[in-house]
Amino acid sequence: NNNSNKIIADRRFNIISMSNAYNQLTPVQSVEWDPRKDPTRLSLEFGAQPVADDMRPLGPRRGEVFISARQAEFGRPMEN
């Protein structure tokens, strides 16, 4: 069993990059993800939003994302 050919998605990099690409009002600042402990759980920390609708400043926010649909590929040749 050769484990050197495994590809693991870099969810931290991908989420922060997508947040920056969409130029969100409150971008993702950090991502906590431990694929060995729980690969289905992501913790996101958003930057502080400038002000709320009532003009009061808002602090940083956190969000939890749980991934329920995952797929693995094993590199088998496609059959016609």
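To be clear, the structure that these remarks concern was listed above.
Since we're looking at a predicted model, the values are computed, not measured.

*Asks:* Help me get a handle on the overall build of the protein chain, residues and values and all.
*Replies:* From N to C terminus, the protein chain includes one helix and three strands. Put simply, the protein chain runs from its N terminus to its C terminus through helices and strands in the order α-β-β-β. By the burial criterion, 18% of the 80 residues in the protein chain qualify as buried. For the protein chain, the accessible area works out to roughly 7200 Å², and carbon and sulfur atoms hold 50% of it.

*Asks:* Would you mind going over the environment of Q29 in detail, with residue names and values included?
*Replies:* Secondary-structure assignment places Q29 in strand β1 (residues 28-32). Remark: the alpha-carbon pair of Q29 and S19, spanning ten residues in sequence, is separated by 8.9 Å.

*Asks:* Quick one: what's the story with the pattern of salt bridges, residue by residue and with numbers?
*Replies:* Between side chains of opposite charge, a pair can form as their charged atoms come close. Within this structure, the stated rule accounts for four salt bridges. The residue R62 makes a salt bridge to E32 at a minimum N-O spacing of 3.6 Å. Note that R62 is positioned in strand β3 (residues 61-66) and E32 in strand β1, a separation of 30 residues in sequence. Judged by relative accessible area, which is 47%, R62 ranks as partly exposed. Relative accessible area serves as the criterion here: at 46%, E32 is assigned to the partly exposed category. A salt bridge links E64 to R62; the nearest nitrogen and oxygen atoms lie 3.9 Å apart. The network of salt bridges with common partners includes E32, R41, E45, R62 and E64.

Analysis parameters
Residues numbered from 1 in each chain as written. Predicted model: local features only at pLDDT ≥ 70, side-chain atom pairs only at ≥ 80, totals over all residues. Heavy atoms only, no water. Helix = DSSP H or I, 4+ residues; strand = E, 2+ residues; numbered from the N terminus. Buried < 20%, exposed > 50% of the residue type's maximum accessible area, 1.4 Å probe, protein only. Areas by Shrake-Rupley, 256 points an atom, 1.4 Å probe, with all protein chains shown as cover. Salt bridge = Lys/Arg side-chain N within 4 Å of Asp/Glu carboxyl O.

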